[in-house]
2 protein chains.
Amino acid sequence: MQFNISLCGIVFLIVASAAQAQTPADNDWRTIDPANTLYMDLDTGRIIIELAPQFAPRHVDNIRTLVREKYFDAQRINRVQDNFVAQWGDESIAKPLGKAKRTLTAEFTRSAVGLPFIALPDPDTYAPQVGFVDGFPAARDLEKGQAWPVHCYATVGVGRDNDSDSGGGTELYVVIGHSPRQLDRNITVVGRVVRGMSLLSSLPRGTGDMGKYEERSQHTIIRSIRVASDLAESEREPLEALRTDSKRFAEQTEARRNRRDEWYKVQAGHIDVCNVPLPVRKKK
Amino acid sequence: MQFNISLCGIVFLIVASAAQAQTPADNDWRTIDPANTLYMDLDTGRIIIELAPQFAPRHVDNIRTLVREKYFDAQRINRVQDNFVAQWGDESIAKPLGKAKRTLTAEFTRSAVGLPFIALPDPDTYAPQVGFVDGFPAARDLEKGQAWPVHCYATVGVGRDNDSDSGGGTELYVVIGHSPRQLDRNITVVGRVVRGMSLLSSLPRGTGDMGKYEERSQHTIIRSIRVASDLAESEREPLEALRTDSKRFAEQTEARRNRRDEWYKVQAGHIDVCNVPLPVRKKK
């Protein structure tokens, strides 16, 4: 009997929350800027990436230029390392560039000043504070005055060699496993995949060193990468993201910190920054 | 020039460490007990699971019984949810059991008393303390006197319905994404995959509710699951794991907390329990 009462309680909560969802609170959602949206098309489907110029303005600009020079078209996903990253681009440095740069000064961190930061209340293993900036998981160190995007599942970054300034965007990677937070502040993060992650995460793993494929025939060919704003409106797929500075996002995160559904017997009471859902939907 | 000197320093460290590795310190490695080893064979290859009876003795016993009754043979991987779990077993509850039980009393936590626990010094988002027990990532709460295995990439657990005691091992899952630590203390963990994770992590994702496949034809068929000790010695693949209570493991973990290779510009100074490598190799 008590079980039934609990269940009714849950149903009531869901109904109440659905009703609330139909109130005109849709400024809880922001349109993802087409100028910061990349469409990466494989034979198997489309991956959509939201770029983060607030963290890496130079790299984002350069990646847009690379895309406009069709740099990535017919390039290959040549590395898929289990529980780490999938990587693509021109590892042979053979394809000529136009105005795009091959290397740029690193953008590992930025000033925390003036950056709208929604902090999580929970302790983090790697940073003094973690939270969200405009939909991106992030960290900051107020003593040092620095902020940076953190490596979660779906984070997109810029491959580089040993030198800090040896990357520019000609090779990109996405996290496909447990968050490799040791990369934070060591590499330039340029965005995150908001659609189509499973097209990358389910690729066969490379069996060579660092997950490189041993045969060129194993590579996945990229048909093209385009900036959404370069396409006619009719060819775009407009998306919107739940604003991470909205009350609804705060409520959703709190409901994840302390799960109230019947299945959970112990509430975690905390949440890892990489376990917080960042909802994205088709724009209405 | 300074760059070259640094590189030489690194080379020296590697050589020194390789020399040390050839000293007779091989009691740093423990043989994985064949009685706690499962071979799960797919058409694509073998997955090897180490069971954790120190955390879930009843469930491990029952899983051995299920395996010996050939319960899992010709069963299917019927759920692969991106960034969460792959799951297999008999969701229709159609296959009859012999002596094995369908449900058991839950084993979510155990007493921390008498449990050899190698603690990490770093803060954790979810537990008062995290570390390792006999090669398994784990947590403990000394105030409550409890310990439990934590959900990392490759952790294997027992699916259940809403009731705590509704699982028994007839449905098993493995974590294929970022660690879903909210499951800790809510579900019985029975071990971890020590070989062949990529056979599970690279499976196509199910497009149905909770990552279930929508068509039965999309399932991956399990040829068989066997307990290694039930096979002739000649048919086994003996493995050994780096002892998590060894000095070498402590040194390796410290080298990951503060990476000394040239590529890293900022040392994390910390490590997440799920980012610590747990080396397993063929037994010499």
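Up top is the structure.
Here is what the cut-offs are and how they apply
- Residues numbered from 1 in each chain as written.
- Chains lettered and ligands numbered in written order.
- Predicted model: local features only at pLDDT ≥ 70, side-chain atom pairs only at ≥ 80, totals over all residues.
- Pairing = 2+ DSSP bridges.
- Helix = DSSP H or I, 4+ residues; strand = E, 2+ residues; numbered from the N terminus.
- Axes fitted to C-alpha atoms, helices over the stretch in contact; angles between N-to-C directions.
- Contact = placed C-beta atoms within 7 Å.
- Nonpolar A, V, L, I, M, F, W, Y, C, P; charged D, E, K, R; others polar.
- Least-squares fit on C-alpha atoms with pLDDT ≥ 70 in both.
- Buried ≥ 20, exposed ≤ 12 C-beta atoms within 10 Å, placed from the backbone.

> What should I look at first to understand the sheet that holds strand β16 (residues 280-282) of chain A in this one?
Either a parallel or an antiparallel arrangement is found when strands of a sheet pair, and the pairing is made through backbone hydrogen bonds. Residue and element names in this part refer to chain A. Here we have three strands laid out as an open sheet, ordered β1-β15-β16, and antiparallel in their pairing. The open sheet terminates on both sides in strands that have one partner only, identified here as β1 (29-31) and β16. Between one strand axis and the next, the sheet turns through 35 degrees on average, direction left out of account. As paired strands, strand β15 (residues 239-242) and β16 are joined by three bridges and run antiparallel to one another. Looking across to β16, one finds that L239 is bridged to K282.

> How do you make sense of the interface of chain A and chain B when you look at a structure like this?
It is common to report an interface's size as the accessible area lost on association of the parts. At the interface, 37 residues of chain A touch 37 residues of chain B. When grouped by side-chain class, the residues that make up the side of chain A that touches chain B number 13 nonpolar, 14 polar and ten charged.

> Is there a simple way to think about the pairing of strand β15 (residues 239-242) of chain B in this case?
Sheet faces and side chains relate simply in a regular strand, where the side chains alternate between the two faces. With three bridges joining them, strand β1 (residues 29-31) of chain B and β15 of chain B adopt antiparallel strand pairing. Its bridge partner being in β15 of chain B, W29 of chain B is matched across the sheet by L242 of chain B.

> Can you help me understand the relation of the copies chain A and chain B in this one?
For these two chain copies, the linking operation is a rotation about an axis paired with a shift along it. Screw-axis analysis of chain A against chain B gives a translation of 0.0 Å along the axis, an RMSD of 0.0 Å, and a rotation angle of 180 degrees. The operation mapping one copy onto its partner corresponds to a two-fold rotation axis. A high fraction, 100%, of the interface residues of chain A reappear at the interface in chain B, so the copies pair face to face through one surface.

> What is the right way to look at the environment of Q129 of chain A in this model?
Residues and elements named next belong to chain A. Relative to the assigned elements, Q129 resides in strand β8 (residues 129-133). Overall, Q129 belongs to the partly exposed group, with 19 C-beta atoms counted inside 10 Å. Along the primary structure Q129 and A139 are separated by ten residues, whereas in three dimensions their C-alpha atoms are 5.6 Å apart.

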